[in-house]
Amino acid sequence: MARSGGAVLERVLEDIGGVNTFFAVGGVPHGEGWEQVTALTGRERAAAEVGRVRAQLGAVSGLGADEVEWRVGASLFHQGLASRLISPVLAAGLCHGVGLRPDLFLFEPERSGAWELRTAQLGAEPLSRDPLEVAAWLEQTVVEGVLSGVEETLTGIGRVSPGLLRGNTGAALAGAARALGGARRERRAGAEEVVRVLTGRRTLEGTGSHTGVDRAGLAVFRRTTCCLYYRLPGGGLCGDCALRRPPGAR
């Protein structure tokens, strides 16, 4: 890539990382120990990361790692991964017309604490800011390009529903759009349109939909499945959970 393309990419990453930590992606790392996120389609690597998440959940909930259901750990690992991949790709497309390559995102396996993502991408890849084009890019590179392989691996390892995992992806997309729309009001309509388009396509159809807007004018999403967080002590229900009763329901 040309040096100018690298400089553009650096500015894009710096800007979108300011939305929140889910949008943060660093540049090419120095040192060893980093792997591409596509390694998570391998059974051994995916199982190790689920084990890491179970240990973290056990520590914060007062349970031992073995007491955290495997499917709960698998679901929450997957939802976190989906959020970390979708958020920066969505923001780079809508805010800057740049296509980030999630297959070139890098992570440090079994790192304790929060994940840090970096990228091996060396330059900015042009992408239309049109929500339809951004939705197509997300579907091709994130949903089908990375997450579908991880989902197939997880369902092959243990008892976790493919529909639940697809629901996690839909919820992660809606959460990313909501965060971006809250931080960059001028991108709100475009971000919400990406959600509408993708949840109407085969890959995410039936995972959820917008049900209205809140007092801040941000679209409210209700998913059709549950991520299982409620199965942890004190976990409760997420704001978009299918198990939540509509306002006024008895």
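You'll find the structure just up there.
Given the structure is predicted, the values throughout are model-derived calculations rather than measurements.

Caption draft 1: Representation of the overall build of the chain. Of the regular secondary structure elements, the chain holds 6 helices and 5 strands. For the chain, the α and β elements follow one another from N to C terminus as α-β-α-α-β-β-α-α-α-β-β. Relative to a compact globule of 250 residues, whose C-alpha radius of gyration would be 18 Å, the chain shows 18 Å and is just as compact. Each of the 250 residues in the chain was classed as buried or not, and the buried ones make up 46%. Taking as baseline every contact in the chain between residues at least 6 positions apart, the subset at least 24 positions apart corresponds to 69%. By element, 49% of the accessible surface of the chain is carried by carbon and sulfur atoms, the whole surface being about 11,800 Å².

Caption draft 2: Molecular detail of the pairing of strand β4 (residues 208-213). Note: β4 against strand β5 (residues 219-223), 5 bridges, orientation antiparallel. Bridge pairing in β5 links S209 to R222. In this structure, the hairpin formed by β4 and β5 is closed by a connection of 5 residues, where G217 is found at a positive phi of approximately 85°.

Caption draft 3: Looking closely at helix α6 (residues 188-198). By the burial criterion, the buried members of α6 are R188, G190, A191, V194, V195, V197 and L198. The elements touched by buried residues of α6 are α3 (70-96), α4 (131-157), α5 (162-183), β4 and β5.

Caption draft 4: Structural view of the pattern of salt bridges. One pass over the structure, following the stated rule, counts 11 salt bridges. The closest approach of N and O atoms between D15 and R184, which form a salt bridge, is 3.0 Å. Taken as a pair, D15 in helix α1 (residues 3-16) and R184 in the loop between α5 and α6 lie far apart in primary sequence, 169 residues in all. Look at D15 and you get partly exposed, because its relative accessible area is 27%. The partner of R52 in a salt bridge is E49, and the shortest N-O contact between them spans 2.8 Å. In this pair, R52 and E49 are both assigned in helix α2 (residues 43-61), 3 residues apart and thus about one turn of the helix distant. Considered together, R52 and E49 belong to a single accessibility category, that of buried residues.

Caption draft 5: How the structure looks around the environment of V150. Along the chain, V150 falls in helix α4. Look at V150 and you get buried, because its relative accessible area is 0%. Sequence separation of V150 and R52 is 98 residues, and the distance between their C-alpha atoms is 16 Å. When sequence neighbours within four positions are dropped, the list of residues in contact with V150 reads L40, T41, F77 and L81.

Caption draft 6: Fine view of the state of the cysteines. For the structure on display, the rule yields 0 disulfides. C227 carries a free sulfur, and the closest cysteine sulfur to it, the one in C238, is 3.9 Å from it. For C227, a relative accessible area of 5% gives the class buried. With no disulfide of its own, C241 lies 3.7 Å from the sulfur of C226, the closest cysteine sulfur.

Caption draft 7: Here's a closer look at the sheet that holds strand β2 (residues 105-107). Strand order across the open sheet formed by 3 strands is β1-β2-β3, with antiparallel pairing between neighbours. On the outer flanks of this sheet lie β1 (35-36) and β3 (118-119), each paired with one strand and no other. With 2 bridges joining them, β1 and β2 adopt antiparallel strand pairing. The partner of Q36 across the bridge, within β2, is L106.

What counts, and at which threshold
- Residues numbered from 1 in each chain as written.
- Predicted model: local features only at pLDDT ≥ 70, side-chain atom pairs only at ≥ 80, totals over all residues.
- Heavy atoms only, no water.
- Helix = DSSP H or I, 4+ residues; strand = E, 2+ residues; numbered from the N terminus.
- Rg over C-alpha atoms; globule rule 2.2 N^0.38 Å.
- Buried < 20%, exposed > 50% of the residue type's maximum accessible area, 1.4 Å probe, protein only.
- Contact = heavy atoms within 4.5 Å.
- Areas by Shrake-Rupley, 256 points an atom, 1.4 Å probe, with all protein chains shown as cover.
- Pairing = 2+ DSSP bridges.
- Salt bridge = Lys/Arg side-chain N within 4 Å of Asp/Glu carboxyl O.
- Disulfide = S-S within 2.5 Å.

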